[in-house]
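One letter stands for each residue in the lines below.
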Amino acid sequence: MNKNIYKPIEAVVEDIITESQTIKTFTLRPKENFSFRTGQFIELTLPGIGEAPFTPSSDPNVKDKIDVTIMNAGSVTSLLHNIPKNSSLGIRGPYGKGYPLEKFHGKDVLIVGGGVGLAPLRSLVLSLFGQIDKYKKLVLRYGARTGGDLIYKDAIPEWSRKPKVDLVTTVDVGDPSWKGHVGLVTTILEDLPVNLGNAVGIVCGPPIMMKFVTMKLLDVGFKPKDIYLSMEKNMSCGLGKCGHCRLGSYYTCKDGPVFTYEEVKDLHDIWD
Amino acid sequence: MYNIYFAKTEQLESFAKELKKLARVFAPLAKDAQSPKQTDYLYQRLCEDTALAFNPYRTVEPLKSFFTYKYEKVADYFNSAKNLTDITEKTVIFGVKSCDIAGHKIQDFVFLEGVEVDSLYRARRENTIIISGDCTDFKEVCHCLAWEIMPFPSAGFDLNLSPLNDGFIVEVGSKKGQELVNQHKDYFTPVKDTQIAGRNAKRQSILDRLKRHLLFQNLVSKDQVQNLIREGFSLDTWKEFMLNCVECGGCNFICDTCHCFLLADSSQKQQQNGKLRLWDSCQYKNYARVAGGANPQKTRAARLRFRFTKKFDFFVDNLGAPACCGCGRCIEVCPGKIDIREVLKDLANKLKKQQ
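What you see is a predicted model, and the numbers here were worked out from it, not measured in a lab.

A. Here's a closer look at the overall build of chain B. Each helix and strand in chain B was counted, giving 11 helices and 11 strands. In chain B, once contacts between residues fewer than 6 apart in sequence are set aside, the share between residues at least 24 apart is 75%. When the accessible surface of chain B is summed, it comes to about 16,300 Å², and 51% of that surface belongs to carbon and sulfur atoms. Separation of charge centres in chain B, based on 52 positive and 43 negative side chains, amounts to 3 Å.

Take a look at the structure:
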């Protein structure tokens, strides 16, 4: 058992899809066996440059390829946005606990995404579609800044046509070409078609969005233990050793990154 | 229960010489040999002609510096089949103290337990012999007893030395230690009851002196500290002590229990292409920053508190004990004179006033 926990495996960039001005999806083909559970994250290395954490956005049942949807937001991601197809990247992981799908069985599943936060949720949605008979209903609520910032533009209409699915999108700022709902994502969380006694809410997006969505969900009657949040901290080693992603007495990398609101509500500064 | 022996000073010297043939041997060296009870001790690799010195208290460097380095390569990229764990050298360390052993438990917890084992750390651990020693004196900053750590170890070493008259009582603490003694039988004699009594008396003496030293300091105790940190979260203590912080990270780097590291990538231009591990400090501004610029530990006060909540809340929750061994290294190193004992006492005093 002499595995080197810091050594990445090689993955080749097979395809690059431009989702919006700042977001691209990279399809990676790992050269060794690699699998993950939905909601777990990976560390992606740009050799000689740096490493950053991402939650795959693809269906975990697809074993030979993984998609990673990346917003150009920092030093590593800006360089990742400029790599050509067929580049070699490094992957470590998967890390963390992912979504506890078995706890969602037999329930109404509300999924609320904000901006690039829809990326890990796409992986979740695709997993749920794979065993849709296990869930009562899938209620999707997705908000982005403008129509141009929406991602998975082709997939979303397709999802909304699936049985058991109720999907609404919104943009913070509309424009003449936008025909849909305008307003923050919290404005499409009124009168949710869910049975509150038997529902879970899964939220992923920028911290400020997660904060207000969580408050809204509590307000409409969700219990803290039924709200699942993807905490964004500085995950680096992925193994609870380097210290950077500590959140109270948890490490986001190994104890999360998905936490129930119940688990984190008494901690300080969770939305910072 | 392992065996206990006695070795005369010359015999221990010869033993150390023998060890040099088998391994790299490190031992503390007095900065000023003329004043052995005031000076600092630094680890040095024993060469042919350096004599073994006995340090009355802990060294300047933390024990962790033998197991993780401030800057090192920890992995090659995928294009290499090299395994970095194959190149660790056999090492013997003299002069380790009880506080270091307590701190080392935290390092072991981080690197040997949890989700996965750090194989590089484990290889170094397995290739290292720890020869500890009783404290026969203490520094002003020493406060191991506050955390219920004795100034002499009872476990966690391979061999432990207790100085007595013209030699040392050598207590075996592990299989590795027993093997080492068995291989060098000539240097060790069976211990006598009177010698054990002598060790006990010396231990009681240092214990009494250290207790007297700490008595008037009125330190926060082990069972109070977690509550104190939780209840003191919003107190001004953090802002007040932060004023002196220059964000050098010295407190973290010199700490026996601090383990945080930065996993970085070496530039392709460099020969050492791969993953680098560098000691990191939670007192640095960008420690917790994420892509896009959000930073949950924006202020120096928040970061000072972060260091304390890690030691006294996180580790109490996760390991059942605070991550401070009372070595006082962070107190000595701090250019802003931020004293871990004073921060805790200030929290306690402020909370008392609030009641």
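So that's the structure; there's more coming.
B. Highlighting the overall build of chain A. Scanning chain A from terminus to terminus reveals six helices and 15 strands. For chain A, whose C-alpha radius of gyration is 18 Å, the value lies close to the compact-globule estimate of 19 Å for 272 residues. Summarising its shape, the C-alpha atoms of chain A cover approximately 50 × 45 × 35 Å along the three principal directions. Across the 272 residues in chain A, those meeting the buried criterion constitute 59%. Counting only contacts in chain A whose residues sit at least 6 apart along the sequence, the fraction spanning at least 24 positions is 69%. As displayed, chain A offers around 10,900 Å² of accessible surface, 51% of which is attributable to carbon and sulfur atoms. Each charge sign in chain A was given a centre, from 33 positive and 30 negative side chains, and these centres are 4 Å apart.

C. Geometry of the domain arrangement of chain A. Residues and elements named next belong to chain A. According to the domain assignment, chain A contains domain 1 (9–95) and domain 2 (101–230). The distance between the C-alpha centroids of domain 1 and domain 2 comes to 23 Å. For the pair domain 1 and domain 2, the summed buried area comes to about 1,100 Å², and 54% of that belongs to carbon and sulfur atoms. It is Glu19, Thr38 and Ser57 that lose the most area in domain 1 upon contact with domain 2, and together they represent 41% of the buried surface on that side. Inspection of the region where domain 1 meets domain 2 yields one salt bridge. Close ionic contact of arginine 122 with aspartate 67 constitutes a salt bridge, the shortest N to O distance being 2.7 Å. Summed over the shared surface of domain 1 and domain 2, the result is nine residue pairs in polar contact (both at pLDDT 80 or more).

D. Highlighting the packing of helix α2 (residues 98–112) of chain B against helix α3 (residues 119–126) of chain B. All names here are of chain B. Closest axis-to-axis distance for the α2/α3 pair is 9 Å, and the angle between their directions is 135 degrees. If you check the angle between α2 and α3, you find them oblique. As α2 runs across α3, the sense of the crossing is left-handed. From α2, His104, Gln107, Asp108, Phe111 and Leu112 reach across to α3, where they touch Tyr121, Arg122 and Arg125. Looking at the contact of α2 with α3 residue by residue, the classes come out as three nonpolar, two polar and three charged.

E. Quick look at the domain arrangement of chain B. Residues and elements named next belong to chain B. The domain architecture assigned to chain B consists of domain 1 (4–62 + 81–215) and domain 2 (225–258 + 283–354). Here the C-alpha centroids of domain 1 and domain 2 sit 29 Å apart. For the pair domain 1 and domain 2, the summed buried area comes to about 1,800 Å², and 62% of that belongs to carbon and sulfur atoms. Three residues stand out in domain 1 for area buried against domain 2, namely Ile106, Phe109 and Trp147, and they jointly supply 34% of the buried area on that side. Counting across the domain 1 and domain 2 interface gives four salt bridges. Where arginine 58 meets glutamate 332, a salt bridge forms, and the shortest distance between an N and an O atom there is 3.1 Å. For the pair domain 1 and domain 2, the interface holds 13 residue pairs in polar contact (both at pLDDT 80 or more).

F. Focus on the environment of proline 322 of chain B. Residue and element names in this part refer to chain B. Looking at where proline 322 falls in the secondary structure, it is placed in the loop between α9 (300–319) and α10 (329–333). Put simply, proline 322 and alanine 102 are 220 residues apart on the chain and 10 Å apart in space, counted from C-alpha to C-alpha. Excluding anything up to four places from it in sequence, proline 322 contacts Ile106, Trp147, Lys222, Val225, Lys311, Phe312 and Val316.

G. Up close: the nonpolar core. In this structure, Ile229, Trp238, Phe308, Phe312 and Leu344 of chain B are the most contacted members of the largest nonpolar core, which totals 40 residues. Those elements that provide at least two residues to this core are α2, α5 (193–215), α6 (225–231), α7 (237–242), α9, α10 and α11 (340–354) of chain B. It is α11 of chain B that provides the largest number of residues to this core, a total of five residues. Per-domain counts for this core show at least three residues from each of domain 1 (4–62 + 81–215) and domain 2 (225–258 + 283–354) of chain B. When neighbours within four sequence positions are excluded, leucine 344 of chain B is seen to be in contact with Trp147, Val220, Val225, Leu228, Ile229, Phe308 and Phe312 of chain B. Counting residues in hydrophobic clusters, the runner-up holds 33 residues, among them Met235 of chain A together with Phe67, Val96 and Leu263 of chain B.

H. A look at the sheet that holds strand β5 (residues 66–71) of chain A. All names here are of chain A. Ordered in space as β4-β3-β6-β1-β2-β5, the six strands form an open sheet in which the pairing is antiparallel. Single-partner strands in this sheet number two, and they are β4 (50–54) and β5. On average, each strand axis in the sheet is inclined to that of its neighbour by 40 degrees, with strand direction left out of account. The sheet contact formed by strand β1 (residues 9–18) and strand β2 (residues 23–30) spans seven bridges and is antiparallel. Each bridged residue has a counterpart across the sheet, and for isoleucine 17 the counterpart in β2 is threonine 25.

I. Region of interest: the sheet that holds strand β4 (residues 71–76) of chain B. Residues and elements named next belong to chain B. As summarised here, the arrangement of the three strands in space is β4-β11-β10, forming an open sheet in which the pairing is antiparallel. Whereas interior strands pair on both sides, the edge strands pair on one side only; in this sheet they are β4 and β10 (261–265). Shown here is a sheet whose adjacent strand axes are inclined to one another by a mean of 30 degrees, direction ignored. For β10 and strand β11 (residues 274–279), the ladder comprises five bridges, and the chain directions are antiparallel. In the strand pairing of β11, leucine 262 is matched with leucine 278. Lying on the sheet, α3 is in contact with β4 and β11; it crosses β4 at an angle near 115 degrees.

J. Quick look at the environment of tyrosine 284 of chain B. Here tyrosine 284 of chain B shows up in the loop between β11 and α9. Among residues more than four places away in sequence, those in contact with tyrosine 284 of chain B are Glu247, Cys248, Gly249, Phe253 and Arg303 of chain B.

Calculation criteria
- Residues numbered from 1 in each chain as written.
- Chains lettered and ligands numbered in written order.
- Predicted model: local features only at pLDDT ≥ 70, side-chain atom pairs only at ≥ 80, totals over all residues.
- Heavy atoms only, no water.
- Helix = DSSP H or I, 4+ residues; strand = E, 2+ residues; numbered from the N terminus.
- Contact = heavy atoms within 4.5 Å.
- Areas by Shrake-Rupley, 256 points an atom, 1.4 Å probe, with all protein chains shown as cover.
- Lys, Arg positive; Asp, Glu negative; His and termini not counted.
- Charge placed at Lys NZ, Arg CZ, Asp CG, Glu CD.
- Rg over C-alpha atoms; globule rule 2.2 N^0.38 Å.
- Buried < 20%, exposed > 50% of the residue type's maximum accessible area, 1.4 Å probe, protein only.
- Domains from an automatic or database assignment.
- Buried area = accessible area lost by both parts, 1.4 Å probe.
- Salt bridge = Lys/Arg side-chain N within 4 Å of Asp/Glu carboxyl O.
- Polar contact = N/O pair within 3.5 Å; in protein donor to acceptor, adjacent residues only side chain to side chain.
- Axes fitted to C-alpha atoms, helices over the stretch in contact; angles between N-to-C directions.
- Parallel < 35°, antiparallel > 145°, perpendicular 65-115°, else oblique.
- Left-handed = near helix turned anticlockwise from the far one by under 90°.
- Nonpolar A, V, L, I, M, F, W, Y, C, P; charged D, E, K, R; others polar.
- Core = buried A, V, L, I, M, F, W, Y, C linked by side-chain atoms within 4.5 Å.
- Pairing = 2+ DSSP bridges.

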